[in-house]
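# An overview of the molecular structure
Spelled out, the chains give:
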Amino acid sequence: MAFNDLLKQVGGVGRFQQIQVALTVLPLLLMASHNTLQNFTAAIPRHRCRPPPNASLITDGDLEAWLPQDPRGQPESCLRFATLRRGPPLTNSTAANITEAVEPCIDGWVYDNSTFLSTIVTEWDLVCSHRALRQLAQSLYMVGVLLGAMSFGHLADRLGRRKVLILNYLQTAVSGTCAAYAPNFPLYCTFRLLSGMSLASIVINSMTINVEWMPIHTRAYVGTLIGYTYSLGQFLLAGLAYAVPHWRHLQLLVSVPFYAFFLYSWFFIESARWLSSRGRLDLTLSTLQRVARINGKQAEGAKLSLEVLRTSLQKELTLDKGQASAMDLLRCPALRRLFLCLSMLWFATSFAYYGLVMDLQGFGVSIYLIQVIFGAVDLPAKLVCFLVINSLGRRPAQAASLLLAGICILVNAVIPQDQTVVRTSLAVLGKGCLASSFNCIFLYTGELYPTVIRQTGLGMGSTLARVGSIVSPLVSMTTELYPTAPLFIFGAIPVAASAATALLPETRGQPLPDTVQDLDSRRTGRLRQPQQEQQKQMVPLQGTTQEKDGL
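Residues numbered from 1 in each chain as written. Predicted model: local features only at pLDDT ≥ 70, side-chain atom pairs only at ≥ 80, totals over all residues. Heavy atoms only, no water.

Turning next to the overall build of the protein. Across its full length, the protein holds 28 helices and four strands. Split into buried and exposed, the 551 residues of the protein put 56% on the buried side. Just so you have it, the protein exposes about 22,200 Å², and 64% of that area is on carbon and sulfur atoms. (Helix = DSSP H or I, 4+ residues; strand = E, 2+ residues; numbered from the N terminus. Buried < 20%, exposed > 50% of the residue type's maximum accessible area, 1.4 Å probe, protein only. Areas by Shrake-Rupley, 256 points an atom, 1.4 Å probe, with all protein chains shown as cover.)

Rendered as structure tokens:
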């Protein structure tokens with residue numbers, strides 16, 4: 001494609017690309033920290049009712065005497081005796097028959113601070129009847145991610161990738177800092193929602209601006225690098241959470257670096273591909289020449305001119321630039337097919353992924369160890385995914401990662417509960433496959449959508465992913481009806497969604513599409529046509545494609 005040739009002319013993968021990729025990828029180290037932060041900041045320590053204020057307690061035995069026992073023989077965490085009881089301990093079932101003898105924890109709770117000095121659970125007593133509020137905080141964060149993907153994705157197609165990234169870094173820094181100092185739970189949830197909005201946009205904008213600045217043969221490397229950065233962020237979170245067990249300090253620690261990211265983001269260079277799609281040839285020319293100087297290709301940059309760009313990018317200039325919107329994903333048949341299939345893939349990947357990773361305390365071992373294991377499995381999983389992406393293509397990599405993840409989860413559902421090692425191993429393997437699916441879907445989506453609506457498409461895909469992450473905690477509640485019901489659901493959805501890849505085209509070795517016409521040419525296997533013929537067949541983004549075989 002013409003733009004790919006321009007990138008090679010100004011240096012291909014030169015000093016500029018290396019620097020900008022490094023600077024945009026660095027903030028993604030903390031993306032994993034924010035996404036799964038509540039595994040640590042909202043951890044639930046062991047707790048029990050606080051005795052009445054007028055109780056005279058001398059020994060731990062006196063403290064235990066205030067508590068009935070649950071069916072496992074452990075002190076009840078949400079009930080206490082109304083008066084100090086001496087003698088053999090009552091079980092929870094026995095106490096239930098003596099309603100006047102027990103009462104809820106009206107004086108609060110006593111928490112075990114041996115692992116976590118402070119969490120939002122211990123600070124605001126989000127236990128027992130208020131336990132659902134803990135999940136509400138994470139769900140509201142994911143709602144913010146959903147809103148950010150919807151709003152900022154479209155905004156980046158209108159205003160540019162660079163401006164939106166600058167705004168997002170500042171919003172993440174300010175909202176994260178405010179969350180660390182939030183005086184009450186409602187304000188904490190509000191600031192977490194705002195953080196989710198900006199973080200969703202950071203990841204999709206970082207992927208897009210890097211893909212649009214890289215030649216065809218290097219795009220898979222960029223996608224894999226971003227995926228590995230996210231995985232390393234999981235190791236980082238485990239280390240930070242272990243070193244900083246107070247939730248406010250941990251929240252502040254993962255938010256303050258975004259002030260530095262905000263400052264250096266002003267030096268980012270806007271995507272020349274996006275500028276050309278908006279018809280700004282003057283800015284496109286100056287941007288390409290600036291990149292050529294950075295890459296040491298001043299002579300090649302000097303050969304560029306407005307006339308050269310008009311000739312090379314004539315197709316981009318014929319686009320209707322100002323009307324791209326999310327509704328075009330449904331109006332145009334070629335885009336509609338992509339949108340529906342990719343939506344299934346995004347939803348299934350996120351739905352199953354967060355169903356696994358947001359319940360680390362349920363594994364019965366050290367929460368820090370499980371966090372490290374979940375991060376470690378990504379390293380070989382994403383390497384295998386990268387090799388498949390480069391050798392076989394994006395479509396088989398996407399299908400295989402979802403299918404294998406679903407099978408692992410389904411098999412886990414029928415393994416006996418006492419087989420802890422087997423169940424944990426299958427969960428870790430499934431998580432690795434889902435991480436590979438995320439790695440592939442970001443790259444695949446960016447390569448499928450045309451330039452004029454690429455960011456909107458990525459934003460809508462991320463939106464469907466957030467819907468999946470919001471729904472997954474609700475599905476986890478079905479364990480009250482049947483213990484393995486969530487696993488059957490988490491496994492069936494990825495298996496079913498993997499079939500959608502059969503309806504998508506392969507993009508390995510293909511140039512990025514700039515127009516809807518490029519989608520038609522890609523699907524029929526035709527290469528770039530002469531400009532005169534392209535102009536005759538060009539269609540506006542909102543209309544239907546005028547091809548013989550139709551959709």
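Time to look at the packing of aromatic side chains. Under the defined criterion, the tally for this structure stands at 15 aromatic pairs. Ring centres of Phe258 and Phe261 lie 5.1 Å apart, and the angle between their planes is 85°; this geometry places the pair in the edge-to-face category. Of this pair, Phe258 and Phe261 both sit in helix H13 (residues 257-264), three residues apart, which is roughly one turn of that helix. Judged on exposure class, the residue Phe258 and its partner Phe261 are both buried. Ring pairing ties together the aromatic residues Tyr169, Phe258, Phe261, Tyr264 and Phe268, which thus form one cluster. Of note, Arg192 hangs over the ring of Tyr141, and the distance from its end group to the ring centre comes to 4.2 Å. (Phe/Tyr/Trp six-rings, centres within 6.5 Å; stacked < 30°, edge-to-face > 60°. Lys NZ or Arg CZ within 6 Å of the ring centre and 35° of its normal.)

What follows is about the environment of Ala497. Tracing the chain through its elements places Ala497 in helix H26 (residues 485-497). Residue Ala497 is classed as buried on the basis of its relative accessible area, which comes to 4%. Leaving out residues up to four positions away in the same chain, Ala497 has contacts with Met344, Leu345, Ala348 and Leu402. (Contact = heavy atoms within 4.5 Å.)

Now for helix H23 (residues 394-414). An ideal rise of 1.5 Å per residue puts 30 Å on 21 residues; H23 measures up with 31 Å between its terminal C-alpha atoms. Tucked into the core, H23 has its buried residues touching helix H11 (219-243), helix H20 (333-357), helix H22 (378-391), helix H24 (420-448) and H26. (Expected span 1.5 Å × (residues − 1).)

The subject of this paragraph is a nonpolar patch on the surface. A contiguous nonpolar surface patch, about 830 Å² in accessible area, is contributed by Leu403, Leu404, Ile407, Val411, Val414, Leu481, Tyr482, Phe488 and Ile489. Elements that contribute at least two residues to the nonpolar patch include exactly H23 and H26. With five residues, H23 is the single largest residue contributor to the nonpolar patch. Within the element layout of this structure, Phe488 appears in helix H26. (Patch = residues over 30% accessible without salt bridge, like charges linked within 9 Å, V, L, I, M, F, W, Y side chains within 5 Å. Salt bridge = Lys/Arg side-chain N within 4 Å of Asp/Glu carboxyl O.)

Put simply, H20 and H23 touch, their axes get as near as 11 Å, and they point 35° apart. The interaxial crossing formed by H20 with H23 has left-handed handedness. In contact with Leu345, Ala348, Thr349, Ala352 and Leu356 of H20, H23 contributes Gln398, Leu402 and Ile409. Split by residue class, the contact of H20 with H23 holds six nonpolar, two polar and no charged. (Axes fitted to C-alpha atoms, helices over the stretch in contact; angles between N-to-C directions. Left-handed = near helix turned anticlockwise from the far one by under 90°. Nonpolar A, V, L, I, M, F, W, Y, C, P; charged D, E, K, R; others polar.)

Right, let's talk about helix H2 (residues 15-25) for a bit. Every buried residue belonging to H2 is among Phe16, Gln17, Gln20, Val21, Thr24 and Val25, and all of these are buried. All buried residues of H2 fall inside an arc of 140° around its axis, so they share one side. (Arc of directions from axis to C-beta.)

Counting across every chain of the model gives six cavities of 30 Å³ or more. Roughly 300 Å³ of volume is contained in the largest cavity. For the largest cavity, the lining is made up of 22 residues, of which Val203, Tyr230, Phe438, Asn439 and Phe442 are closest to its centre. For the lining of the largest cavity, the secondary-structure elements that each account for two or more residues are helix H3 (31-35), helix H10 (185-213), H11, H20, H22, H24 and helix H25 (454-476). The element that contributes the greatest number of residues to the lining of the largest cavity is H11, accounting for five residues. Taken together, the residues of the lining of the largest cavity sort by class into 13 nonpolar, six polar and three charged. (1 Å grid on protein atoms, 1.4 Å probe; cavity = no way out; pocket = protein on both sides within 12 Å on 5 of 7 lines; lining within 4 Å. Points joined across faces, edges and corners; volume = space filled by probe spheres on them.)

When pLDDT is averaged along the protein, the result is 77; 79% of the residues meet or exceed 70. H13 holds the highest mean pLDDT among the elements of the protein, 93, whereas helix H28 (residues 531-537) holds the lowest, 40. Throughout residues 527-551 the model reports pLDDT below 50, and contacts reaching past four residues in sequence, or to other chains, amount to 53 contacts. (pLDDT = per-residue confidence, 0-100.)

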